[in-house]
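Analysis of the macromolecular model
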There are 2 protein chains.
Amino acid sequence: MQNTASNTPSKRPRIVIIGAGFGGLEAAKALRKADVDITVIDRTNHHLFQPLLYQVATAGLSPPSIAAPTRFLFRSQPNVTTLLGEVVDINASARCVVLENGEVVAYDHLIVASGATHSYFGNDQWAEHAPGLKTLEDAFNIRRRVLLAFEHAERESDEATRERWLTFAVIGAGPTGVEMAGTMAEIAKHTLAGEFRRIDSRRARVLLIEAGDRVLPAFPPSLSQRAEEQLVSLGVDVRTSHKVIHIDADGIRVDVKGVEQTIVCKTIVWAAGVAASPLGKLLARACSLDEASVDRTGRLKVEPDLTVLGHPEISVVGDLALAQSFEKSGEIKPVPCVSPSAKQMGRCAAKNILARMAGGKTDVFRYMDYGLLATIGRKSAVVDVVVPLFGHVRFSGLFAWLFWLFVHVYFLIGFRNRMIVLMDWAWAYGTFNRTARVVVGTEKFASKSERKL
Amino acid sequence: MQNTASNTPSKRPRIVIIGAGFGGLEAAKALRKADVDITVIDRTNHHLFQPLLYQVATAGLSPPSIAAPTRFLFRSQPNVTTLLGEVVDINASARCVVLENGEVVAYDHLIVASGATHSYFGNDQWAEHAPGLKTLEDAFNIRRRVLLAFEHAERESDEATRERWLTFAVIGAGPTGVEMAGTMAEIAKHTLAGEFRRIDSRRARVLLIEAGDRVLPAFPPSLSQRAEEQLVSLGVDVRTSHKVIHIDADGIRVDVKGVEQTIVCKTIVWAAGVAASPLGKLLARACSLDEASVDRTGRLKVEPDLTVLGHPEISVVGDLALAQSFEKSGEIKPVPCVSPSAKQMGRCAAKNILARMAGGKTDVFRYMDYGLLATIGRKSAVVDVVVPLFGHVRFSGLFAWLFWLFVHVYFLIGFRNRMIVLMDWAWAYGTFNRTARVVVGTEKFASKSERKL
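Parameters at a glance
- Residues numbered from 1 in each chain as written.
- Chains lettered and ligands numbered in written order.
- Predicted model: local features only at pLDDT ≥ 70, side-chain atom pairs only at ≥ 80, totals over all residues.
- Helix = DSSP H or I, 4+ residues; strand = E, 2+ residues; numbered from the N terminus.
- Rg over C-alpha atoms; globule rule 2.2 N^0.38 Å.
- Buried ≥ 20, exposed ≤ 12 C-beta atoms within 10 Å, placed from the backbone.
- Arc of directions from axis to C-beta.
- Contact = placed C-beta atoms within 7 Å.
- Pairing = 2+ DSSP bridges.
- Axes fitted to C-alpha atoms, helices over the stretch in contact; angles between N-to-C directions.
- pLDDT = per-residue confidence, 0-100.
- Expected span 1.5 Å × (residues − 1).
- Core = buried A, V, L, I, M, F, W, Y, C linked by C-beta atoms within 7 Å.
- Left-handed = near helix turned anticlockwise from the far one by under 90°.
- Nonpolar A, V, L, I, M, F, W, Y, C, P; charged D, E, K, R; others polar.
- Right-handed = clockwise from strand over helix to strand, strands pointing away.

It is worth spelling out the overall build of chain A at this point. Broken down by element type, chain A carries 13 helices and 27 strands. In terms of overall size, chain A behaves like a compact globule, its C-alpha atoms giving a radius of gyration of 23 Å where 453 residues would be expected to give roughly 22 Å. Counting only C-alpha atoms and orienting by the principal axes, one finds that chain A spans roughly 70 × 55 × 45 Å. Among the 453 residues that make up chain A, the fraction classed as buried is 53%.

This part takes up helix α9 (residues 279-286) of chain A. Quick reminder: α-helices carry 3.6 residues per turn. Residues three or four places apart thus point the same way. Residues and elements named next belong to chain A. For α9, the full list of buried residues reads Leu279, Gly280, Leu283 and Ala284. The buried residues of α9 occupy an angular sector of 140 degrees when projected down its axis, which confines them to one face. As for α9, its buried residues are in contact with β1 (14-18), β6 (87-91), β9 (109-112), β18 (273-276), β19 (300-301) and β20 (307-308). Ser288 sits one or two residues past α9 and shows a positive phi near 55 degrees.

The next subject is the sheet that holds strand β26 (residues 380-387) of chain B. All names here are of chain B. One open sheet holds the 3 strands; their spatial order is β25-β26-β27, and the pairing between them is antiparallel. The open sheet is flanked by β25 (371-377) and β27 (391-396), the only strands paired with a single partner. Taking the axes of each pair of neighbouring strands and ignoring which way they run, one obtains an average angle of 10 degrees across the sheet. Looking at chain direction, β26 and β27 are connected through 6 bridges and run antiparallel. The residue of β27 that forms the bridge with Val385 is Val393. Set on the sheet, helix α8 (residues 221-233) makes contact with β25, β26 and β27; between it and β26 the angle comes to about 160 degrees.

All names here are of chain A. Scored by pLDDT, chain A has a mean of 90; 92% of the residues are at 70 or more. Between residues 1-7, whose pLDDT stays under 50, and residues either more than four places distant or in other chains, the model counts 12 contacts. Counting contacts from residues 443-453, a segment whose pLDDT is below 50, to residues more than four positions away or on other chains yields 22 contacts. Among the scores for the predicted complex, ipTM is 0.86 and pTM is 0.89.

Residues and elements named next belong to chain B. On the secondary structure map, Arg214 appears in the loop between β12 (205-209) and α8. Spatially, the C-alpha atom of Arg214 lies 9.6 Å from that of Ala227, the residues being 13 residues apart in sequence. Sequence-distant contacts of Arg214, defined by excluding residues within four places in its chain, comprise Pro221, Ser224 and Thr240.

Take helix α11 (residues 398-411) of chain B next. Residues and elements named next belong to chain B. Taking 1.5 Å of rise per residue, 14 residues should cover 20 Å, and α11 covers 20 Å from first to last C-alpha, within 8% of that figure. Turning to α11, its buried residues number three or more, namely Ala400, Trp401 and Trp404. Around the axis of α11, the buried residues are gathered within 100 degrees of arc, so they sit on the same side. Facing away from the buried side of α11 by over 90 degrees, the exposed positions are Leu398, Phe399, Phe406 and Tyr410. The inward-facing, buried residues of α11 abut β25, β26 and β27.

Residues and elements named next belong to chain B. Strand order in the open sheet formed by 4 strands is β13-β12-β11-β17, with parallel pairing between adjacent strands. Each edge of the open sheet carries a strand with a single partner, namely β13 (236-239) and β17 (267-270). Pairwise comparison of adjacent strand axes, ignoring direction, gives a mean angle of 20 degrees for this sheet. The pairing of β12 with β13 spans 4 bridges and is classified as parallel. Each residue of the ladder has a partner; that of Ile209, found in β13, is Arg239. Relative to the sheet, helix α7 (residues 175-191) contacts β11 (167-171), β12, β13 and β17, its axis offset from that of β12 by approximately 175 degrees.

Next up on the list: the pairing of strand β18 (residues 273-276) of chain B. Residue and element names in this part refer to chain B. Side chains Val274 and Ala276 of β18 all project onto a buried face; the interleaved residues Gly273 and Ala275 project onto a face where none is buried. Both strand β10 (residues 116-119) and β18 contribute to a ladder of 4 bridges, which runs antiparallel. Following the sheet pairing, Thr117 is matched in β18 by Ala275.

By size, the foremost hydrophobic cluster in this structure holds 279 residues, and its most contacted members are Ile171 of chain A together with Ile171 of chain B. The contact partners of Ile171 of chain B, leaving out residues within four places of it in the chain, are Ala130, Ile209, Val244, Ile268, Val269, Trp270, Ala271 and Ala272 of chain B.

With that out of the way, let us pick up unusual backbone geometry. Phi angles above zero are rare outside glycine, and Arg95 of chain A is one such case at about 55 degrees. Tracing the chain through its elements places Arg95 of chain A in the loop between β6 and β7 (96-99). Its identity as a non-glycine residue notwithstanding, Phe121 of chain B has a phi of 50 degrees, on the positive side. Mapped onto the fold, Phe121 of chain B is located in the loop between β10 and α5 (136-155).

What follows concerns the packing of helix α1 (residues 22-30) of chain B against helix α10 (residues 339-357) of chain B. Residue and element names in this part refer to chain B. It is at 7 Å that the axes of α1 and α10 come closest, and there the two elements cross at 35 degrees. Here α1 runs over α10; the crossing is right-handed. On α10, the residues touching Phe22, Gly23, Gly24, Leu25, Glu26, Ala27 and Ala30 of α1 are Ser339, Ala342, Lys343, Met345, Gly346, Arg347, Ala349, Ala350 and Lys351. Here the contact of α1 with α10 is composed, by residue class, of 8 nonpolar, 4 polar and 4 charged.

Moving on, we get to the pairing of strand β12 (residues 205-209) of chain A. Each regular strand displays side chains that alternate between the two surfaces of the sheet. All names here are of chain A. The buried count for β12 comes to 4 of 5 residues, which makes it a mostly enclosed element. Chirality of the crossover, the property in question, places the unit of strand β11 (residues 167-171), helix α7 (residues 175-191) and β12 among those that are right-handed. In this fold, β12 hands off to helix α8 (residues 221-233), which returns the chain to strand β13 (residues 236-239); that crossover is right-handed.

Set out below in structure tokens:
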């Protein structure tokens, strides 16, 4: 073991932040004026604007539009050191984290913001056939599968197999699933229309499979209804109350109110389950918490001020935190796993660290709910926005889509990204074309095909 | 074996084009008004603007800026069918090509435009340590290595190893090598400056290693001289008369006028050798040509009208063709392997097919030489342009760079690409920033690092 942290001796408080997602980034930014040494550790070299990741998966945007190198974002914040690395252990009594190469990074305050990934509810063998969407690599994988399915269909002489290549299924009708299904239908009906000579891409089927009884279950039922109507009008085959019980290379087996059915398809996207980062369990062990401190999805229960029980120097924020919101009314509400809550937790944890350093008291976390929004496709979205002093405002259709567009472009990091994304969308809107349809690694397409010789 | 070509019965002449590079694309476009059935077969789903590939490798541009889906380019040309596939055999007597899955595509006329790849002169084990640059996948591989080298250096506590991570070598000082070395120096000195806390990226060394006695050997010596001066002023360590004799994980062994030297470095880019596609040799065998018909780099000798000896129905164009230019003066000149020559050969082969179909005579190939140009970095380039009725005009520096920019953006396919590339460059020029620095797959960075625990 080596201790490179000691190479840069410092008497300033050392703050380690694990994860450069929305929570970690906001925490570091909130500490920009503090007289501290911050180390941000992430397994990737970039901060990812995850709400638009489905656009990379569906060839609408390129990675630089929705991702920026983490160290670039902190170039003008001298108190931040960015490390590309993976935390493999946390030692809560020695107050240090251990990286994958044995490097030990000591902290006075630790913020764990390592987020979540997709979960197959214990059926990890499904991953091979139904990739999920959490990283840029996932997005490229899905893009490759979707675009190559049409290429396979064009070259297939057997009609049944061709149909299979032209059947796409998205599992899970949360915002990501709805966005994926809507955009995939658009690709088949518009983007690729007229480019193939042996198949008609418009005949492709896109199924959206949901175990619950409606799409967008987190939204009010009226908006779920509107979203489903918009999906159907885009040509998506919406299948609610379809519980997935098996996935393999031939397709999906579902349970529809007690009756088993088989859906034959080649291309499947998993947008159903979420599991917190394994650092949740690791941290619980490191802090000698009991088993009940981690919920079924791996999230770690935190104190009202987002710290870990018995460890006021450790905070957990974002999707990894099973946090509660302490409303002014005295009510205690659960906090949803969305990007605004991660950012707010990041800021709250940073503020509490500063308060502790100053010998003051920490604040409880209060989630400011701005509402929910999801887009469905060209010109369609559903919005449930919370207007202060007024309450929920719900709308859908073109105006909702413009609102969605404005919010997403506004929150994108960096002026250039916003400009490029707007241009890409204006172009896509005017031409129906999607600019990022290049598949890297298709040199291997041939060798991966079944050889029939 | 199946014959899906017979699924679409047609009495029109069938033209098969292997490869959707500059040669194949131009040939298909030149046949857009012909009453023929064209099948374009390529191993990737995109046409690649290779002269700007080094910009993807150096994080300046994203793939959609320099690559477009082949079938999108032919969407409005109904006589073209695009197939994503790999030709594994050519049967010249049965007049058909065989794809990797056994599919047989029959032709009346065949254009082979499968291009070239990099060659390690029989030392294929060097590829692992010194990747070449021919495909988008290659470009991503190089981008990942270059950017991660700085990340490794930032985390390295041993000074000698850190130095090694901060030493970059480009082998081969043709246009690609010069462009790569110049841009890598720019990245170290400007783009990344100030983003690291433990290292100073400006201290990175970029070596350009060339066996010959000057950079850009295809250019006139005066421009080689100017290019070398510009490289040196960018901070590139130019090493001419350095012949590479060995490459491994520790670095490069070179022979400098009989004396062996070792260059210790971690990141190496191979821009030295080129080998023609294996379809050259395959075609020579299929047409029963003797061994001398294929040169040392695998290029196939063609007749004056670009057809294969004894097979007037087969043409070879682009980097795969060992062609000659029949000048008006009666002189016979070799044809260089550059994109203008590939495009001109593609058009010539298409015209000759139409002439044969009409029962007329074919034309000999005449290469129209517009000159050569190469860029070195920000504001630097060398240009040797041929002005009709006037001769060679040679210049370098800012004006040459603007000329280079204009030519490359002009020839980029598709209006949107040009606009995005110009914007990206304007942005990069104004800010020194490079927008495409996101590395996909860095999740694996950690597990690939040597574990020291």
